[in-house]
Amino acid sequence: MLAASSLFSAMGIAVYALGIRHPELPVMTVSFVRILLNLAVLVLPALARRRARALFGDMRSSLWLRGVFGSMALILSFASIQRIGPGEAAFLGASSGIFVALLGPAVLAQRNSGWIWLALGGSLAGLYLLLMPREGTTDELGRLMALGSGFLSAIAYLMVARAGRSNPPDTVVFYFCLVAVPMHLAWFGISGFTLPQGQDTWSLLLLCGLAASGAQILMTRAYQKAPAAMVGAVGYATPVFNLAFAWVWFAKTPDSAALAGCALVLLCGVLLPFLNNREV
């Protein structure tokens, strides 16, 4: 999951750079190209090995649901990154780890100790600091989109944990792409499609798609190998990477209240796996 986090961060920085350098490019086009590259990375090797049929796995409903929730989360994530920046968007999107731990007992029958619930309370307080109204020009919609992305991602990750019990990582990611493509095509049928132009644009899109492809596979394997709450906690490395890269490359940092929220979310999120087996 740590390796996946570094690749997800590279994807997020590429998305933000596209928003700055090419604001005329719709976010749906960015996410669509990312999905197509992800699909090509999966399908082309499978066709070469004559194993394309294996990508469909057992076709259980949780695979399709993972695709639906994951696709919606991706679109909201990309939109929020371009609206509020990769650092703050990533910390709000990292609420997926909080929602995974909150929903895990009901969906996966994974028991949370009292210490886990205490850490979740601290995480929710951090999210409040990130979402609280600010003076001056703010983007509440962008923050809500990032939080919505985190919630939808959590449901998608829980579907991964269920579907992954009988399906390899490639199959789980394949369904994500399989569902996302027609969703994007339906959108383009209504609003139209903007073709990316220029070498710089395509370079950033290629970085976004390839980084996301590797991250998806690594993340899926992580959720197959370890408890969902623990993997979700390690995933907090992504917003840390994003915050650092956004500061170094774009001189963009959240305000003091948002930074306090980031710190609280990070502290409580990292503590979650260490508290998993403790009683209170």
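Residues numbered from 1 in each chain as written. Predicted model: local features only at pLDDT ≥ 70, side-chain atom pairs only at ≥ 80, totals over all residues. Heavy atoms only, no water.

Undergrad: Explain the side chain of threonine 238 to me, and be specific about the residues and the numbers.
TA: With respect to the element layout, threonine 238 can be found in helix α11 (residues 237-250). Of note is the side chain of threonine 238, whose polar atom sits 3.1 Å from the side chain of serine 5. For threonine 238, the residues in contact, after removing those within four places along its chain, are Ser5, Phe8 and Ser9. (Helix = DSSP H or I, 4+ residues; strand = E, 2+ residues; numbered from the N terminus. Polar contact = N/O pair within 3.5 Å; in protein donor to acceptor, adjacent residues only side chain to side chain. Contact = heavy atoms within 4.5 Å.)

Undergrad: Describe the packing of helix α1 (residues 2-21) against α11, listing the residues and the values that go with them.
TA: Orientation of α1 relative to α11, taken along the N-to-C sense of each, is 40°, at an axis distance of 8 Å. With respect to α11, the axis of α1 lies oblique. In terms of crossing hand, the pair formed by α1 and α11 is right-handed. Two secondary-structure elements touch here, α1 through Leu2, Ser5, Ser6, Phe8, Ser9, Ile13, Tyr16, Ala17 and Ile20 and α11 through Ala237, Thr238, Phe241, Asn242, Phe245, Ala246, Trp249 and Phe250. Residue composition of the contact of α1 with α11, by class: 12 nonpolar, five polar and no charged. (Axes fitted to C-alpha atoms, helices over the stretch in contact; angles between N-to-C directions. Parallel < 35°, antiparallel > 145°, perpendicular 65-115°, else oblique. Left-handed = near helix turned anticlockwise from the far one by under 90°. Nonpolar A, V, L, I, M, F, W, Y, C, P; charged D, E, K, R; others polar.)

Undergrad: Could you give an account of the environment of alanine 40, naming the residues involved and the relevant values?
TA: Within the element layout of this structure, alanine 40 appears in helix α2 (residues 27-48). When the C-alpha positions of alanine 40 and serine 213 are compared, they lie 9.4 Å apart, and in sequence the two are 173 residues distant.

Undergrad: Tell me about α11, and name the residues and values.
TA: In this model α11 runs 19 Å from its N-terminal to its C-terminal C-alpha over 14 residues, within 8% of the 20 Å that 1.5 Å per residue would give. Every buried residue of α11 is listed here: Ala237, Thr238, Pro239, Asn242, Leu243 and Ala246. Looking at the residues trailing α11, positive phi occurs at alanine 251, about 55°. (Expected span 1.5 Å × (residues − 1). Buried < 20%, exposed > 50% of the residue type's maximum accessible area, 1.4 Å probe, protein only.)

Undergrad: Can you explain the pattern of salt bridges? Please cite residues and give values.
TA: Considering all chains together, one arrives at three salt bridges under this definition. The partner of arginine 21 in a salt bridge is aspartate 200, and the shortest N-O contact between them spans 3.0 Å. Of this pair, arginine 21 sits in helix α1 while aspartate 200 sits in helix α9 (residues 199-225); the two residues are 179 residues apart in sequence, bridging distant segments of the chain. A salt bridge links aspartate 58 to arginine 60, with the nearest nitrogen and oxygen atoms 3.2 Å apart. Taking the relative accessible area as the measure of exposure, aspartate 58 reaches 36% and is therefore partly exposed. (Salt bridge = Lys/Arg side-chain N within 4 Å of Asp/Glu carboxyl O.)

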